[in-house]
Amino acid sequence: MGRWCSARNQRKVFMTLTNRSAAELANALQKGEISAVECTTAFLDRIEATNSTINAFLTVDREGALTTAEAVDASRAAGKQLGPLAGLPVAVKDVLCTMDQPTTCASKMLKGYQPPYDADVVQRLRAAGTVILGKTNMDEFAMGGSNENSAYGLVRNPWDLERAPGGSSGGSAAAVAADMAPLAIGSDTGGSIRQPAGLCGITGLKPTYGRVSRRGLIAFSSSLDQIGPMARSAKECAMLLQAIAGHDPGDSTSLNIPVPDYFTDLEKPLQGLRIGRVATHFSEGLDPEVAEHVEQAFATYEAAGATIHEVELPHATYGVPTYYLIAPSEASSNLARYDGAHYGHRWDGTPSGEKGITDFDSPLVEMYCRSRAEGFGPEVKRRIMLGTYSLSSGYYDAYYAKALRVRRLIRQDFSKAFENVDVIGGPVSATPAFKLGEKTDDPVAMYLVDLYTVGTNLAGIGGISFPCGFTKSSLPVGFQLQGPPLSEPLLLRTAHQYQQATDWHLKRTAALSS
Amino acid sequence: MSAETQHPFTTVIGLEVHMQLHTQTKLFCGCITTFGNPPNTQVCPTCLGLPGSLPVMNRRAFDLSLRAALALNCKIALFTKWDRKNYFYPDLPKGYQISQFDLPFSYEGHLEVCDPKGAFNPRTVRITRVHLEEDAGKSMHDETAGTADSRIDLNRTGTPLCEIVTEPDLRSAEEARAWLNELKLLLVYLGVSDCNMQEGSLRVDANVNLHVPQKDGRIAKTPIVEIKNMNSFRSVERALIYETERQWGEWQATGAEIGSMPKQTRGWDESAGVTRGQRHKEESSDYRYFPEPDLVPVTVTEEQIAEIRSAMGEPPAVLRKTLADRWKIPANDAGVLVNQGPDLVQYFEDLATRVGEGKVASNWMQQDVLRTLNERGESITDFPVRPEAVADIIARVQKGDFDTSRGREIFASVVEKGTSVAEVVAGMGIAAVDDGDLRALCEELIAENPKIVADVKGGKEQAAGGLIGQAKRKNPNVNPGKVRALAIELIQALP
């Protein structure tokens, strides 16, 4: 176990390593200034030191991570040509199947479940030589906006430990914000990458639907789910997106369109860029401090040569209700497979005192009901019931079918808006990170945290969120850009140019510095 | 006799057929579809419904189902989509079946059935729709008291399944069976399915009720019953006969009409020969169909349809006529041959080509080959005697080496011993009788039978028949026709 001794001797070096951005680490790894083992060890130690506080990771694979890192170092020593991400640690949201680590979706239902295959994105990460540190915490089955819906405990926001990191990719966002990982993978169904990125002061991209394969992504809402990169900066998101994007014949909805080089345009200035501004984004409910920082971001863009144009998204107001019909409807079907019969949690037969489920047709039905009653948390159950209801005969037309029609209108709104502007800017969330427990008793208030983000998913387009300032109480404020289908190069460039002009993304939290 | 002439009511039957498509791999994954392998050995994350797995459509399965729909004269939708049918059952690992709900890939077809013996009038059965879906797994229930146990085999899960729904156009159990036979024949000819009911590749449910004319001219309709668990076409026929009688009895006893109760499902009990009511729920099941978001819609072009149509081959109904015309055989002969399936037709055509005479080849097929197959319970593909051998026997008969009945004995012996025609002929001591020997034999017979000679001489040529039996006793290898012809010739030549 020589590596532990050397790790301890060099701890100081490693602690500073975790302060460095993914881009700096990649550079140092390529130049041979640091080894992948050193880099990985630094992050593993940082996780060990902070995870009991943050709870960003559900699984940490020290052994596997170091084995991969050693292999990368050996390849580099042998003079092999390695990709830009080789040896870089990455945290993966526990919604993606990994055959060497449990994949639980933060649910009791999948406690200890080990998939027999790797998700397409995980395969691509391994092929790129990244070091998978472990699996990050999340809202159960990606349902939630605060990461309080995890069966394995909530995640704390590294900027204020009494506040939520957002969700559902709260673990991935907190891991990057707390320097536990330089890069992370999240998934975004209604804002689950962008909202926690905004609340944790990092950068997160939700790619166009179909740009990244969903194979091995445990489905919440199949027509909305999309995997994306989370990092400190847009440039690092570009590095990670480059590795995970691409056509997968194993996902019928994956786009068979070549992946561009996401670095080509990054440094192009923004002169002449048309940024849309939606007036209704700034109406009642938007926190004044958030509004102020978002307006300042627009000013920064104008100073950089971009022009701001008012655009309308007339159906945006129906986004949240539409989303909360379509997503639960699909979820009610996607989650039917967790029946206790084949894998996952099964009721052990002990009579329980639960009320309301007493009338069973058969022992089989009792097993189904009790396994699901025990295995799923309250938010998951709520959405299964919502979705089952909206798909039921007699209600289908009024709810699910109508939601599909509104979804088309929302998509048309964006298409029309993008005839006049290149991207649309605005807030990610109406407020900065909220207090833990603040919204847990009010599902509707919790659903409204998705107000600015769900449209992107309903329209199937791309969106990116990045920090644009801090409140007086030192909480990050996020700015969101939305772009037309496959506009990832433009979104990354627009965010990167902002980050060239500002340093909000470089700020580190002091909450964990002890 | 059919039910319609016997009873004061009309039996109304519609069928729902599930047919497994004959593909190498499953509908939405790459697993093989072979029947009979050890349980749960032909599975992958997709057909196991594991978290994160996704379906990808097997285009070959889709094209095969297009072929079936075209042969059933269906209209083809140029745009079709997949839907999820949601229900819980242990042999359905995803908790939903990928199927087609409101936009099936084909609709409004028809398939005609007629009975060559005229037991019922030709009937055109309209097909409501044909759609494609994935099969479920198999549940095996151990009913042993105290240790009851259920096991699930997911090898079948995801096998492509075509569902064919007919309009209620059939009017008797007999018609239903005949129509199913015609459907099966068609699907086998198309190479779309092997239609093996024992292996579950063809499953049939039937909907039946009675239309009873009333004195006031109104037609009373009995409640529709869906019959399940029928394991053969014979069972379908028996179950429908039973159910018709049962409904007639119930109608007479209760007068209950359609709409007075929810649709009933009854299971066929093969050994008891009865249908039994299955427990039905108060509310009908709600499958909460919605578009499958993991798959993209399927589009079909007119060119693709034309291509599939051109590669389709002749359906049985057309082949019957073609065969009758090509080989100048009676329609009934062609019907019997075609109904045995494409392998037998190929055998016949091979034989007919060798023999050069369709009718002779057909006679041998009907009287010898088919009879032997039935006796041996064999299919033509397993039959050891190939067309060359049968053609050889027929050629020897035609050449006059021996007569047809002798040829039949040789055929039977070839079947039984599994040896060549030449060996059997040699073994039986059959050798062609030399012309000189034949003349000597005939002269000998003429000398021995003055009465026959006188009769023939007097114009009664049929009297020569009396010589044939005697000739065969003297030499079993003589050709009766030749004996007859030569004897008459010699007698007429007598002074």
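Since this is a predicted model, take the numbers as computed values, not measurements. What you see as residue numbers is a count from 1 along each chain, following the sequence as written. Following the order in which they are written, the chains are lettered starting with A and the ligands numbered starting with 1. Totals for whole chains, interfaces and linings use every residue, but because this is a predicted model, local features are given only for residues with pLDDT of at least 70 and side-chain atom pairs only at 80 or more, for both listing and counting.

Here we look at the overall build of chain B
If you tally the helices and strands in chain B, you get 17 helices and 17 strands. Over its C-alpha atoms, taken along the principal directions, chain B stretches across nearly 100 × 60 × 55 Å. Counting other C-beta atoms within 10 Å of each residue's C-beta, where C-beta atoms are placed from the backbone, gives the exposure class: buried for 20 or more, exposed for 12 or fewer, partly exposed between. The 495 residues of chain B split such that 38% are buried. Within chain B, contacts between residues separated by at least 24 positions form 69% of all contacts whose residues are at least 6 apart in sequence. Only DSSP runs of H or I reaching four residues or more are called helices, and only runs of E reaching two or more are called strands; each is numbered from the N terminus. By the convention adopted here, residues make contact when the C-beta atoms placed from their backbones lie within 7 Å.

Points about the overall build of chain A
Helices and strands together make up the secondary structure of chain A, namely 17 helices and 11 strands. By principal-axis analysis of the C-alpha atoms, chain A measures approximately 65 × 60 × 45 Å. Put simply, of all contacts in chain A between residues at least 6 apart along the chain, 78% involve residues at least 24 apart.

Brief notes about the sheet that holds strand E16 (residues 290–291) of chain B
Residues and elements named next belong to chain B. Pairing between two strands requires that DSSP report at least two bridges joining them. Judged by pairing direction, the sheet is antiparallel, and its 3 strands sit side by side in the order E5-E4-E16 without closing on themselves. Strand pairing shows two members of the sheet lacking a second neighbour, strand E5 (96–99) and E16, which therefore form its edges. As paired strands, strand E4 (residues 83–86) and E16 are joined by 2 bridges and run antiparallel to one another. Bridge pairing links Asp83 to Pro291 in E16.

Let's talk about the interface of chain B and chain A
Counting from both sides, the interface comprises 24 residues of chain B and, opposite them, 33 residues of chain A. Residue classes in the side of chain B that touches chain A are distributed as 15 nonpolar, 4 polar and 5 charged. Throughout this entry, Asp, Glu, Lys and Arg are counted as charged residues, while Ala, Val, Leu, Ile, Met, Phe, Trp, Tyr, Cys and Pro are counted as nonpolar. The remaining residues, Gly among them, count as polar.

Description of the domain arrangement of chain B
Parsing chain B into structural domains produces domain 1 (3–303), domain 2 (314–427) and domain 3 (435–493). A separation of 67 Å is found between the C-alpha centroids of domain 1 of chain B and domain 3 of chain B. Domain segmentation is taken from an automatic or database assignment of domains.

Some words on helix H14 (residues 397–417) of chain A
All names here are of chain A. With 21 residues, H14 should reach 30 Å at 1.5 Å per residue; the first-to-last C-alpha distance of 29 Å fits that figure. Most pronounced at Ala403, the bend in H14 amounts to some 25°. Along H14, the residues classified as buried are Tyr399, Tyr400, Ala403, Arg407, Ile410, Asp413, Phe414 and Ala417. The span you would expect from a helix comes to 1.5 Å times its residue count less one. The angle between axes fitted to the seven residues ending at a residue and the seven residues starting there is what we call the bend at that residue.

Section: the sheet that holds strand E3 (residues 131–136) of chain A
Paired through their backbone hydrogen bonds, the strands of a sheet run either parallel or antiparallel. Residues and elements named next belong to chain A. In spatial order, the strands read E1-E3-E2-E4-E6-E5-E10-E11-E9-E7-E8; together these 11 strands make up an open sheet with mixed pairing. With one partner strand each, in any of the chains shown, strand E1 (57–60) and strand E8 (307–311) form the two edges of the open sheet. Between one strand axis and the next, the sheet turns by 30° as a mean value, whatever way the strands run. The sheet contact formed by strand E7 (residues 274–278) and E8 spans 5 bridges and is parallel. Considered in E8, the bridge of Val278 is made with Val311. The sheet strands contacting helix H4 (residues 36–54) are E1, strand E2 (89–93) and E3, and the helix crosses E3 at an angle near 20°. Running over the sheet, helix H17 (residues 488–501) touches strand E5 (203–206), strand E9 (423–427), strand E10 (462–470) and strand E11 (476–483) and is turned about 10° from E10. Each axis is a line fitted through C-alpha atoms, taken for helices only over the stretch in contact, and angles between the N-to-C directions span 0 to 180 degrees.

Details of the environment of Ala119 of chain B
With respect to the element layout, Ala119 of chain B can be found in the loop between strand E6 (106–113) and strand E7 (123–134). Spatially, the C-alpha atom of Ala119 of chain B lies 9.0 Å from that of Glu175 of chain B, the residues being 56 residues apart in sequence.

Here we look at the nonpolar core
Note on definitions: a nonpolar core is a set of buried residues drawn from Ala, Val, Leu, Ile, Met, Phe, Trp, Tyr and Cys, linked by C-beta atoms within 7 Å. Val90, Leu133, Ala175 and Ala181 of chain A are the most contacted members of the largest nonpolar core, which has 146 residues in total. With sequence-adjacent residues up to four places away left out, Ala181 of chain A is seen in contact with Phe43, Pro89, Val90, Ala91, Leu133, Ala175 and Val176 of chain A. Core analysis: the next-biggest nonpolar cluster, separate from the first, contains 61 residues, Cys47, Leu132, Ile164 and Leu185 of chain B among them.

Some thoughts on the packing of helix H8 (residues 331–339) of chain B against helix H10 (residues 358–376) of chain B
Residue and element names in this part refer to chain B. The contact between H8 and H10 brings their axes to 11 Å, and the two run at 55°. Here H10 runs oblique to H8, going by the angle between their axes. As for the relative orientation of H8 and H10, their crossing is left-handed in sense. Packed against H8, whose contacting residues are Asp333, Val336 and Leu337, the element H10 presents Ser362, Met365 and Gln366 at the interface. Residue classes in the contact of H8 with H10 are distributed as 3 nonpolar, 2 polar and 1 charged. Angles below 35 degrees are treated as roughly parallel, those above 145 as roughly antiparallel, those between 65 and 115 as roughly perpendicular, and all remaining angles as oblique. The hand of a helix crossing depends on one turn: near helix anticlockwise from the far one by less than a right angle means left-handed, and clockwise means right-handed.

Quick look at the pairing of E2 of chain A
Residues and elements named next belong to chain A. Counting buried residues in E2 gives 5 out of 5 residues, a clear majority hidden from the surface. Alignment of E2 against E3, held across 5 bridges, turns out to be parallel. Following the sheet pairing, Lys93 is matched in E3 by Thr136. As paired strands, E2 and strand E4 (residues 183–188) are joined by 3 bridges and run parallel to one another. Note on E4: the bridge partner recorded for Val92 is Ile185.

A look at the confidence of the model for chain A
Interpreting fine coordinate detail is not advised for predicted regions of low pLDDT. pLDDT expresses, on a scale from 0 to 100, how confident the predictor is about each individual residue. On average, chain A scores 94 in pLDDT, and the residues at 70 or more come to 95%. Note on residues 1–12 of chain A: pLDDT under 50 across the span, and 6 contacts to partners over four residues away in sequence or across chains.

Some details on the confidence of the model for chain B
With 95% of its residues at a pLDDT of 70 or more, chain B shows a mean pLDDT of 90. Interface confidence for the predicted complex, given as ipTM, is 0.94, next to a pTM of 0.89.

Here we look at unusual backbone geometry
Residue and element names in this part refer to chain A. A cis amide bond links Gly167 to the next residue, Ser168, at an omega of 10°. If you trace the backbone, Ser168 turns up in the loop between E3 and helix H7 (170–177). You will see that Cys105, though not glycine, has its phi angle at about 55°, which is positive. Along the polypeptide, Cys105 turns up in the loop between E2 and helix H6 (120–127). Residue classification places Cys105 among the buried residues on the basis of 31 C-beta atoms within 10 Å.

Some details on the pairing of strand E10 (residues 160–166) of chain B
Residue and element names in this part refer to chain B. Counting buried positions along E10 yields 5 of 7 residues, so the element is predominantly enclosed. Note: strand E1 (residues 10–20) against E10, 5 bridges, orientation antiparallel. Within the sheet, the bridge partner assigned to Val17 lies in E10 and is Ile164. Judged from the 7 bridges that link them, E7 and E10 form a sheet pairing that is antiparallel. When the sheet's bridge partners are listed, Glu133 is paired in E10 with Leu161.

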